[in-house]
Protein chains: 4
Amino acid sequence: MIKSRDKCGVFGIKSKSGVFDRIYYGLYALQHRGQESAGMAMCTDHIRVHKDMGLVTEVFNHIHLEGNIGIGHVRYSTTGGSKIENAQPLFIQYSGGNFAIAHNGNIINYAELRETLERRGSIFSTTSDTEMIAQLIAQEHTKLGDFVEGIKSAMNYLEGSYSLVILCDRKIIAVRDPHGFRPFVLGQSGEDYAVASESCALDCINMKLVRDIKPSEILVIGNCIESHFGPEKRTAHCMFEYVYFARPDSIINGKSVYEIRKNLGKTLAEEAPAKADRVIPVPDSGRTASIGYSRESKKTYGEGLMKNRYVGRTFIIPEQENREMEVKMKLNPIKSGIEGKSLVLVDDSLVRGTTMKQLIQIIKEANAKEVHVRISSPPIRYPCHYGIDMQTQTEFIASKKDIEGIRKEIGADSLAYISLEGLINAIGEPESELCLACLTGEYPIKRKEQTKLL
Amino acid sequence: MIKSRDKCGVFGIKSKSGVFDRIYYGLYALQHRGQESAGMAMCTDHIRVHKDMGLVTEVFNHIHLEGNIGIGHVRYSTTGGSKIENAQPLFIQYSGGNFAIAHNGNIINYAELRETLERRGSIFSTTSDTEMIAQLIAQEHTKLGDFVEGIKSAMNYLEGSYSLVILCDRKIIAVRDPHGFRPFVLGQSGEDYAVASESCALDCINMKLVRDIKPSEILVIGNCIESHFGPEKRTAHCMFEYVYFARPDSIINGKSVYEIRKNLGKTLAEEAPAKADRVIPVPDSGRTASIGYSRESKKTYGEGLMKNRYVGRTFIIPEQENREMEVKMKLNPIKSGIEGKSLVLVDDSLVRGTTMKQLIQIIKEANAKEVHVRISSPPIRYPCHYGIDMQTQTEFIASKKDIEGIRKEIGADSLAYISLEGLINAIGEPESELCLACLTGEYPIKRKEQTKLL
Amino acid sequence: MIKSRDKCGVFGIKSKSGVFDRIYYGLYALQHRGQESAGMAMCTDHIRVHKDMGLVTEVFNHIHLEGNIGIGHVRYSTTGGSKIENAQPLFIQYSGGNFAIAHNGNIINYAELRETLERRGSIFSTTSDTEMIAQLIAQEHTKLGDFVEGIKSAMNYLEGSYSLVILCDRKIIAVRDPHGFRPFVLGQSGEDYAVASESCALDCINMKLVRDIKPSEILVIGNCIESHFGPEKRTAHCMFEYVYFARPDSIINGKSVYEIRKNLGKTLAEEAPAKADRVIPVPDSGRTASIGYSRESKKTYGEGLMKNRYVGRTFIIPEQENREMEVKMKLNPIKSGIEGKSLVLVDDSLVRGTTMKQLIQIIKEANAKEVHVRISSPPIRYPCHYGIDMQTQTEFIASKKDIEGIRKEIGADSLAYISLEGLINAIGEPESELCLACLTGEYPIKRKEQTKLL
Amino acid sequence: MIKSRDKCGVFGIKSKSGVFDRIYYGLYALQHRGQESAGMAMCTDHIRVHKDMGLVTEVFNHIHLEGNIGIGHVRYSTTGGSKIENAQPLFIQYSGGNFAIAHNGNIINYAELRETLERRGSIFSTTSDTEMIAQLIAQEHTKLGDFVEGIKSAMNYLEGSYSLVILCDRKIIAVRDPHGFRPFVLGQSGEDYAVASESCALDCINMKLVRDIKPSEILVIGNCIESHFGPEKRTAHCMFEYVYFARPDSIINGKSVYEIRKNLGKTLAEEAPAKADRVIPVPDSGRTASIGYSRESKKTYGEGLMKNRYVGRTFIIPEQENREMEVKMKLNPIKSGIEGKSLVLVDDSLVRGTTMKQLIQIIKEANAKEVHVRISSPPIRYPCHYGIDMQTQTEFIASKKDIEGIRKEIGADSLAYISLEGLINAIGEPESELCLACLTGEYPIKRKEQTKLL
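Basis of the calculations
- Residues numbered from 1 in each chain as written.
- Chains lettered and ligands numbered in written order.
- Predicted model: local features only at pLDDT ≥ 70, side-chain atom pairs only at ≥ 80, totals over all residues.
- Axes fitted to C-alpha atoms, helices over the stretch in contact; angles between N-to-C directions.
- Helix = DSSP H or I, 4+ residues; strand = E, 2+ residues; numbered from the N terminus.
- Parallel < 35°, antiparallel > 145°, perpendicular 65-115°, else oblique.
- Left-handed = near helix turned anticlockwise from the far one by under 90°.
- Contact = placed C-beta atoms within 7 Å.
- Nonpolar A, V, L, I, M, F, W, Y, C, P; charged D, E, K, R; others polar.
- Domains from an automatic or database assignment.
- Buried ≥ 20, exposed ≤ 12 C-beta atoms within 10 Å, placed from the backbone.
- Pairing = 2+ DSSP bridges.
- Least-squares fit on C-alpha atoms with pLDDT ≥ 70 in both.
- Core = buried A, V, L, I, M, F, W, Y, C linked by C-beta atoms within 7 Å.
- Expected span 1.5 Å × (residues − 1).
- pLDDT = per-residue confidence, 0-100.

All names here are of chain D. One way to put it is that helix α8 (residues 257-271) packs onto helix α9 (residues 287-297) with a least axis distance of 6 Å and a crossing angle of 45°. By the angle class used here, α8 and α9 are oblique. The crossing of α8 and α9 is right-handed. Counted together, Tyr258, Arg261, Lys262, Asn263, Leu264, Gly265, Lys266, Leu268, Ala269 and Glu270 of α8 and Thr288, Ala289, Ser290, Ile291, Gly292, Tyr293, Arg295, Glu296 and Ser297 of α9 form the full contact between these two elements. Residues of the contact of α8 with α9, tallied by class, amount to seven nonpolar, six polar and six charged.

Here it is as structure tokens:
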């Protein structure tokens, strides 16, 4: 159960008729990618932006925007640093015209690029990388005189992950970084086209998934669809989108997230069987993998933990008790499914291990005989630079302890992670096209090669 | 998937130390029983009440109440009729003293009793049955001079379902109606005692489930625990608490809700097997039964529908589109788990059939080969008078059509309900101790026998 | 500058057409009588109530109620004790029917009457005297079988000040206590009739002031206008309504408040001339009297203090500084009107004297040569029991010090109050028809004579 | 009664101790200059900004910022166009460092400068002139290497009115445009210094008014106070600050606003006497001038209209009635001061004349014998380009009708405006140092001379 940060969802659509409802539905389907803020930019004769802190249903309560073309964004909630200034889409105006932009990802050479842009004369009013991307594109556009060329040039400088939707000149432009870190798909219904972070956002508006936006692709949706390409780099799909972050009903990079998660569970069962009566998930993050584990191991699947759905954003543990209480509030054992039983408990990942430790304690207090923890991703040992916040390296329990040490720490009767090979096979993509940096420390982007912005 | 109304959750606790946190956690665990309003009454040297519209976490955001003894309440949200006046606990003062009261249930002779009380001189400022119960108890107390005798006398008049918690004279009094319609449990930790609608509210505060409050019991938690009893009637536990309403991690009437639901699925598999590749639930209402069905039928369990968790209270389908859109927003097919497959789709109940019809349509559009619907309760044909709102009789699809007619209407390839016998056996209680009125039309309370209030 | 409490404004209207707008405007005009909460009860085929904490414009933002007959209420803000439960109108139902009621005043035998009603069987859910009045009327109505007779009977028991509007049976009933403490007027436009606390509420809806509701009158506005009378007592118009509380543009008890205040200033100038260059008011409370003083004394009128209008309800002195800061925030000297001048500073009253002390300090710091304080009411030495909260007797500076002592305390160069005779003459009513209790200690209601409720 | 737009209030302070409270009080005193949004930027080791829509008391409810140096801003409310993006202070970062800036005024060559900056590569995310000023200063700073030189250079390009406070490098920099359109003052208390739009903001924090910031001055408040100057131009103090906008208790440009308003009234009495019994103001805008008129004419001063103070921001005339109702809601005649009398009615200005027309109608309905309107500014015929929004030229009643025509239109018995000479003399500044553009059409800034930004 990773807590991610800086993750977002993006959406864009061009139609013959009003698109407000479809952006609303699309963002709602992407809400799991960000609950902090939501926003839309819509174009009639000019571009209008509405954005605010809150869920899609809250931000657009009693709001309607006109227009047959528009983009939208949802942003993840972090404690403290969340501010209205960082809500997207961002709208900017410059000598070359104006555009609205929304971004999902993380630019790793943000500081250098920003410094360079500042040296060139850029002035910033936020600390978001989206403002930096926008200024870079605007500058390159101005320099080169063509918007797509400007984007292409900007892509030569930008290092990191980015799925961008841009609303400009009555066109939607979708840009995916050359590594293709974050998912990004194209949908169609008749003459209407949409782009979205995940395919689940297309389903709910009755659009057909056409294909992925390709790594490095600049897809221009105007009167026709044009495809341009920026620099070529090795593909590096984020394995964590498959393991945890994307919705199981989404198809990303041409693959069913649900099937991959089930395969992860199956592989885990093959690699790490357990003497147990029952397979139970940590809800909801471990559910699909636990179904796979159960099928492969022929062990009975059950639900052993009940998740409280009513947390809400004002949820505060009164009087600052310990984090243990927080786990207790969210997950309660279903005793009859636990008592006297040996359990396989499946989750997607272990970061600090503290939540799992408390969970096992709760399960043991409900008189489980044994708890065998199975994790559907290999140990996380290196921080993500491409958009998933997993705390600093020193916080990873797997950086500090070996597997036996972790097992003792969390109080499990046995502990196993899926192997790297198992993960790769379950995903079904060549290792060379995945980003496994958080597991291996081999980052797809070598910082030395980085192009200097002059 | 029933939408219930007038359902509530109640909680009460007496301790040696401050109880605010524990009432807060307890109500939070009961939040599924009511999201409209929340409230607490706490006693120090006098009784203070705080209540408002909203979730527990919203109503008690930045609020703290002192006291070692208190009660709490959550109330279900309905459209329109929800008002702050109806929030509970209710606090009243009269010649005999004062008390705070919270109620879960429905008094069926409310109108008659209210009229009689008005004739006797009572004056009402709300239309809630809780105000009527409070005035009746206060009057009987005044007449008889003893509070418990007053409650006993009131119980002779009250017809219907009620689980009451009363905060009075530094005591908690828990009262359960003679039929025991709604669940009500007693918990303990050292010298601290609590009562709650469901045992899940005890788990999260580290209290042990001692036993159920018995039908007709008046349990007084003061310096010691005293048990009194009102009129004796036949037990009539609501079968719908087992089938749908209570949380699966709760133990009510001495039975595990999770185990019963699993049994319902197993029985359904025995009674109504289906030629299918996969068993999938309508999430979350059909999940446990579908696990049981899968186990018994040896058919693979899977998740075929993804539920969006971010509905929130301001969720409004923009521009009032059809209800179909609402279903689409909440449930999306996981295509890889559906495509080309014959499915058993399990849910807890069918009321009007409209949601199921749309769901099947969505699933068929995702290219399922066949959809075999299995319902873990028998057809609902009669309205509930005891606290679960199931619309009027004319709205029940099972009142208007036979099973084949319903199957055609919803577009399923086959349809089966669990049998009445199957239901009773799966619950494991004698038929004579269950309320099955919504299925059979045989209501535990015959209106003619009703005691007249003079 | 008195801070009053328990003061309210009431309004009622019957028309051939919708009355929502007129109640809204009427309450808005009475907003100075209460800013804590606002509410309306409107009758179509049944009575509906909407009320909430806040100003009229806030409570009825986006709200519209249907109906040709209705009543309204505004309630004064106090710190802390303000609660939604106390908002009015109150709606009650009983064997005799139902009615909505709103009240301005204070019942001094509230505790005794409540106790008696509790002994008779009444049950209360608030501590407001309005609920007690409502229950008393309902009981007397039930006993006597006629609503007006019920009110008459209730009036025999009620001691204190009350201006009631009742919405009942498609009639508006206005009831003024036998002493006529609080103002209460009748307005007309064609066949439409309205009653209101002050005539300013009639002006804004283009209604003509017909006359006052008379002390002890029960005015029934149905298809025709009927007038009944309760017990006869000596008239006792509150002198403070003239001096401070009512709006200067109102005509109450047949007298122009503006003219009376001007007369008070004139009288004060005759009785207590001052060697000064300029007459300035404490804005806004002393303005009209200071104009009178200026005219009579032939001394130049000026504005020497600027009042900040933007206080708002969230106004909190940050970090709890002293009260001096509060005065500074609200009133700032206009230096050029003060510097080097001898001033007459006119205000309506002195209660604790602390605000005046700070004001004089501020004025002296702005280099005024002399400050001669003139107060347009005699010294307040006794608490008000009839609806104006002036703190307890021990807080009145005039209870503790003689005039010279007060002068020294507040730092004025001279201090004079209007004489009792001066006040009476300026008002122009016989002493026997005024309530002067807070000045003389002679309360119009002798508690011994009080009728016992059996 | 002008409705102004784009008017703002600015404040800045440097102290040895925490300044939050003093900025709060200062902004509160400037609240009349802007009620739309409020904000502060405070510096400890870095600059933090808090700003939001709402009054000062609302935006800083429960908020406290640390720091011994900071700036603040209030912004005027307009319907519709008000947005959080336009709230100030604005914080920007660039190669030269970072600063926070707040602005009161209007840049008339905004569009040209912005276009030029865009051509130079600037990118804008708002349409506010403050963002343009900030970028211009940042660019010039970067070019010239010195911040003050950067400001000086920017001043060569900026045409229009601006009073800027800048928080930068632990200094407060106050900049006033070379014409000195908007007021701007310096205050001191010991070693603490503050700058503010008006002196009333110094009074409430016990600071002494030292002097005005001079036209074209760049005042740097760091460890010492340094004064620099930008381009020299003719002084052009806005006459409307004296006539209407500033608070009467302020001293701006070395002159008492109260004294000037009184003089305007006196001059008006000399120039345009009237046969009348009474002089009354339109409250509050005409009050001071009416006092002056009364004194000079020896005619009795009175209050004939009562202003309702409780308008609030949610004030909406229900069901969109006519504007007449709006006037009625805000101003009610005090009949006894009007009836049968010939009145001089004094206000500060006439823009469209519609409000005055309705007011006269209300007064006549209250049976005034005659209404002689006297306006303490000459007819407004030309739009303001320097920060006061007076609608477009075609809306000015004085652009379309002569004085007799206006008199007829508003229904007055006589009408007179103060003469231009009278105005100038009453203000007491040479004509050459005033901006009288809205009266004469002679704008201090000739657009042709404008320096081009290369």
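Here the narrative resumes.
On to the interface of chain A and chain B. Counting residues at the interface gives 48 residues for chain A, matched by 48 residues for chain B. Going through the elements one at a time, α1 (20-29), α2 (56-59), α6 (200-203), α8 (257-271), α9 (287-297), β18 (300-301), α10 (323-330) and β20 (331-333) of chain A are the ones with two or more residues in the side of chain A that touches chain B. The element that contributes the greatest number of residues to the side of chain A that touches chain B is α1 of chain A, accounting for six residues. Residues of the side of chain A that touches chain B, tallied by class, amount to 20 nonpolar, 15 polar and 13 charged.

It is worth spelling out the packing of helix α4 (residues 129-144) of chain D against helix α5 (residues 147-157) of chain D at this point. Residues and elements named next belong to chain D. It is the contact of α4 with α5, at a shortest axis distance of 7 Å, that shows an interaxial angle of 125°. As the angle between them shows, α4 and α5 are arranged oblique. When the axes of α4 and α5 are compared, the crossing they make is right-handed. For the pair formed by α4 and α5, the contact residues are Leu136, Ile137, Glu140, His141 and Leu144 on the first element and Phe147, Glu149, Gly150, Ile151, Ser153, Ala154 and Tyr157 on the second. Looking at the contact of α4 with α5 residue by residue, the classes come out as seven nonpolar, three polar and two charged.

Let us now look at the domain arrangement of chain A. All names here are of chain A. As far as domains go, chain A holds domain 1 (8-233) and domain 2 (256-309 + 318-440). For domain 1 versus domain 2, the distance between C-alpha centres works out to 34 Å. Facing the eight residues of domain 1 at the interface are four residues of domain 2. Among the elements of the structure, β6 (97-107) and β7 (160-168) are those that each provide at least two residues to the side of domain 1 that touches domain 2. For the side of domain 1 that touches domain 2, the residue count by class is two nonpolar, five polar and one charged.

Here the focus is the pairing of strand β12 (residues 217-221) of chain C. Residues and elements named next belong to chain C. Burial analysis of β12 places four of its five residues in the buried class, which makes it a mostly covered element. The pairing of strand β8 (residues 171-176) with β12 spans four bridges and is classified as antiparallel. Following the sheet pairing, isoleucine 172 is matched in β12 by isoleucine 221. Counted along the chain from β12 to the antiparallel partner strand β13 (residues 225-229), the turn is three residues long.

Moving on to the relation of the copies chain A and chain B. With an RMSD of 0.1 Å, the fit of chain A onto chain B corresponds to turning through 180° and sliding 0.1 Å along the axis. When the rotation and shift are considered jointly, the pair of chain copies conforms to a two-fold rotation axis. Here 100% of the contact residues of chain A are again contact residues in chain B; the copies associate through an equivalent surface.

In this section: helix α14 (residues 420-427) of chain B. Every buried residue belonging to α14 of chain B is among Gly422, Leu423, Ile424, Ala426 and Ile427 of chain B, and all of these are buried. Just past α14 of chain B, the residue glycine 428 of chain B takes up positive phi, approximately 85°.

Looking now at the interface of chain A and chain D. Taken together, the contact pairs 18 residues of chain A with 18 residues of chain D. Breaking the side of chain A that touches chain D down by element, the ones donating at least two residues are β5 (90-94), α3 (110-120) and α4 (129-144) of chain A. With five residues, the top contributor of residues to the side of chain A that touches chain D is β5 of chain A. Residues that form the side of chain A that touches chain D fall into these classes: eight nonpolar, eight polar and two charged.

As a further point, take the pairing of strand β6 (residues 97-107) of chain C. Residue and element names in this part refer to chain C. Burial runs high along β6: nine of the eleven residues are buried. Taken together, the five bridges between strand β5 (residues 90-94) and β6 define a ladder with antiparallel strand orientation. Paired with leucine 90 across the two strands is isoleucine 101, which belongs to β6. From the end of β5 to the start of β6, which pair antiparallel, there are two residues. Of the strand pairs in this sheet, β6 and strand β7 (residues 160-168) are connected by eight bridges, and their pairing is antiparallel. Bridge pairing links glycine 105 to tyrosine 162 in β7.

Another aspect to go through is the sheet that holds strand β23 (residues 414-417) of chain C. Residues and elements named next belong to chain C. Reading across the sheet, the five strands line up as β18-β17-β21-β22-β23 and stay open at both edges, with parallel pairing between neighbours. Only two strands of the sheet have a single neighbouring strand rather than two, namely β18 (300-301) and β23. Relative to strand β21 (residues 342-347), strand β17 (residues 278-281) runs parallel, the two being bridged by four bridges. Bridge pairing links valine 279 to valine 344 in β21.

Turning our eyes to something else, we now look at the sheet that holds β6 of chain A. Residue and element names in this part refer to chain A. What the six strands build is an open sheet, ordered β5-β6-β7-β8-β12-β13; its pairing is antiparallel. Of all strands in the sheet, those bounded by a partner on one side alone are β5 and β13 (225-229). Averaged over neighbouring strand pairs, the angle between their axes works out to 20° when direction is ignored. Pairing of strand β12 (residues 217-221) with β13 involves five bridges; the strand directions are antiparallel. Across the sheet, isoleucine 218 pairs through a bridge with histidine 228, a residue of β13.

All names here are of chain C. Along the chain, glutamate 66 turns up in the loop between α2 (56-59) and β4 (69-75). In this structure glutamate 66 comes out as exposed when scored by C-beta crowding, with 12 C-beta atoms within 10 Å. Separated by 19 residues in the primary sequence, glutamate 66 and isoleucine 47 have C-alpha atoms spaced 10 Å apart. Beyond its immediate sequence surroundings of up to four residues, glutamate 66 is in contact with Gly18, Met42 and Thr44.

Residue and element names in this part refer to chain B. Mapped onto the elements, arginine 114 comes out in helix α3 (residues 110-120). Sequence separation between arginine 114 and isoleucine 410 is 296 residues; the distance between their C-alpha atoms is 43 Å. What arginine 114 contacts, discounting residues up to four positions off in sequence, is Phe124 and Met132.

What follows covers the nonpolar core. If you look at the biggest cluster of nonpolar residues, it comprises 309 residues, and the most contacted ones within it are Leu167 and Val195 of chain C together with Leu167 and Val195 of chain D. Those residues in contact with valine 195 of chain D, other than ones at most four positions away along the chain, are Gly12, Val165, Ile172, Ala174, Phe184, Val185, Leu186, Ile213 and Leu219 of chain D.

Before going further, it helps to spend a moment on helix α8 (residues 257-271) of chain C. Helix length check: α8 of chain C, at 15 residues, gives a terminal C-alpha distance of 21 Å against a target of 21 Å (1.5 Å per residue), a fit within 8%. Within α8 of chain C, 13 of the 15 residues are buried, which leaves it mostly tucked inside the rest of the structure.

Residues and elements named next belong to chain A. Looking at chain A as a whole, the pLDDT averages 90, with 91% of positions reaching at least 70. Across residues 1-5, confidence stays below pLDDT 50; counting only partners more than four residues off in sequence or on other chains, it has 18 contacts. Every residue in residues 78-82 is under pLDDT 50, and counting partners more than four places away or in other chains gives three contacts. Across the assembled chains, the prediction reports ipTM 0.89 with pTM 0.84.

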